[in-house]
Amino acid sequence: MICAMVGGLRELERRRQTVKTMRVNAAYADRLLDAAARRVLLNAREEASVRYFEELVTVAPRGQQFVERAEEVLSQELFGEMDALVEEANAWTARVEEIQKGDNYRHQLALLPRFQELFDMHHREFEHYIAQLLHFDGFAVERWHGGAGDLAADVIVRLPGDGRRMIVQCKHVSDIRTTIGSGVIQQVNGTKELHNAEMALVVTPGKFTKPARSLAMRLDVQLIDKTDMFRWGLYGHRLLDLLADRSEGQVPDTMES
């Protein structure tokens, strides 16, 4: 009797974990769809971006439907029905991953010339570009570009939702191999309080040295490099999602199975 009860509790817990995984996958599919829609706008309805969105929009919303049905089945402990639902949800997960993976190469190939345009910009044009991306993400832009006396804040914004102030230092480079060192991190961190800012961000289409990354981590200065720029400016991911992924030590590429 006791063994049967324990076995039943274990089975119930296993099913709960299954529903939790469904929630994670549904949320990730929603995030992919959000990025896909933003990508269409960011890239002026470029063909590969439109095709990806059209494929994903027919599939991704089903994730929430699976979650709602699974929660209902779980509450009634209809484990036989849950097994069939899980099989269907797994097939859906595989389809979403197939669409995502099939898009990656097409999209990179189509948009690499757009990414190259970043290096051809004037530094002031790059600052405007970053401010526009932040505005598109829902940030309230208080300063659109730097200049004399900007105190290491080319762009100043308020975060969507809580209204915290963030200063942004834009380090434009003309070559993807150019590195940004620790001095910029120290400078930005040192002027954060002068701007009454709670956050500081340094953005470059180049890359940061290891010492710069290490210092930024200690000082809680956020960094966006060439890889992040591609995902933010061309792939359609939101800046705050990219920063959250980094704080959690992951950059999601695939869904949980």
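On a predicted model such as this, the values are computed, not experimentally measured, just so you know.

K.L.:
Lay out the pairing of strand 3 (residues 165-170) with the relevant residues and their values.
P.N.:
Among the six residues of strand 3, six are classified as buried, and the element is accordingly described as predominantly covered. Every second residue of strand 3 is oriented toward a common face, with Arg165, Ile167 and Gln169 on one face and Met166, Val168 and Cys170 on the other, all of them buried. Where strand 2 (residues 155-158) lies against strand 3, four bridges are found, and the strand directions are antiparallel. From the neighbouring strand, Val157 faces strand 3, where its bridge partner is Met166. The loop that links strand 2 with its antiparallel partner strand 3 comprises six residues; one of these, Gly161, has a positive phi angle of about 95°.

K.L.:
An account of the sheet that holds strand 2 is needed here, citing residue identities and associated values.
P.N.:
With respect to topology, five strands assemble into an open sheet ordered 1-2-3-5-7, the strand pairing being mixed. Whereas interior strands pair on both sides, the edge strands pair on one side only; in this sheet they are strand 1 (140-143) and strand 7 (222-224). For this sheet, the mean inter-axis angle between neighbouring strands, taken without regard to orientation, is 25°. Its contacts with the sheet put helix 5 (residues 123-136) on strand 1, strand 2, strand 3 and strand 5 (199-203), and the angle it makes with strand 3 is roughly 145°.

K.L.:
Which residues make up the packing of helix 5 against helix 8 (residues 226-233), and what are the values?
P.N.:
With their axes 11 Å apart at the nearest point, helix 5 and helix 8 run at an angle of 55° to one another. Relative to helix 8, helix 5 is oriented oblique. The two elements helix 5 and helix 8 cross, and the hand of that crossing is left-handed. Every residue of helix 8 that contacts helix 5 at Phe126, Tyr129, Ile130, Leu133 and Leu134 is listed here: Met229, Trp232 and Gly233.

K.L.:
A description of helix 9 (residues 239-247) should follow, citing residues and the corresponding values.
P.N.:
For helix 9, the complete set of buried residues consists of Leu239, Leu242, Leu243 and Asp245. The buried side chains of helix 9 occupy one side of the element, clustering within an arc of 155° when seen end-on.

K.L.:
Hey, could you go over unusual backbone geometry for me, with residue numbers and the actual values?
P.N.:
At Ala44, a residue that is not glycine, the phi angle is positive and equals roughly 50°. By secondary structure assignment, the location of Ala44 is in the loop between helix 1 (2-42) and helix 2 (47-57). Look at Ala44 and you get exposed, because its relative accessible area is 66%. Of note, the phi angle at Asn196 is positive, near 55°, even though the residue is not glycine.

K.L.:
Break down the environment of Glu72 for me, citing the residues and quoting the values.
P.N.:
Assignment of secondary structure puts Glu72 in helix 3 (residues 62-75). Only 3.0 Å separates the side chain of Glu72 from the side chain of Arg69, close enough to count as a polar contact.

K.L.:
Which residues make up helix 3, and what values do they have?
P.N.:
The end-to-end C-alpha separation of helix 3 is 20 Å, in line with the 20 Å expected for 14 residues at 1.5 Å each. Looking one or two places after helix 3, you find Glu77, whose phi comes out positive at around 55°.

K.L.:
Describe the packing of aromatic side chains, naming the residues involved and giving the relevant values.
P.N.:
Per the counting criterion, the structure on display carries four aromatic pairs. For the ring pair Phe115 and Phe119, a centre distance of 5.6 Å and an interplane angle of 85° mean the geometry is edge-to-face. Taken together, the residues Phe115 and Phe119, both in helix 4 (residues 79-120) and four residues apart, mark about one turn of the helix. Arranged with centres 5.3 Å apart and planes meeting at 65°, the rings of Phe115 and Phe230 form a pair that is edge-to-face. Here the residue Phe115 occupies a position in helix 4, and Phe230 occupies one in helix 8, the gap between them amounting to 115 residues. Neither Phe115 nor Phe230 differs from the other in exposure class; each is buried. Aromatic ring contacts, followed pair by pair, group Phe115, Phe119, Phe230 and Tyr235 into a single cluster.

Cut-offs applied
Residues numbered from 1 in each chain as written. Predicted model: local features only at pLDDT ≥ 70, side-chain atom pairs only at ≥ 80, totals over all residues. Heavy atoms only, no water. Buried < 20%, exposed > 50% of the residue type's maximum accessible area, 1.4 Å probe, protein only. Helix = DSSP H or I, 4+ residues; strand = E, 2+ residues; numbered from the N terminus. Pairing = 2+ DSSP bridges. Axes fitted to C-alpha atoms, helices over the stretch in contact; angles between N-to-C directions. Contact = heavy atoms within 4.5 Å. Parallel < 35°, antiparallel > 145°, perpendicular 65-115°, else oblique. Left-handed = near helix turned anticlockwise from the far one by under 90°. Arc of directions from axis to C-beta. Polar contact = N/O pair within 3.5 Å; in protein donor to acceptor, adjacent residues only side chain to side chain. Expected span 1.5 Å × (residues − 1). Phe/Tyr/Trp six-rings, centres within 6.5 Å; stacked < 30°, edge-to-face > 60°.

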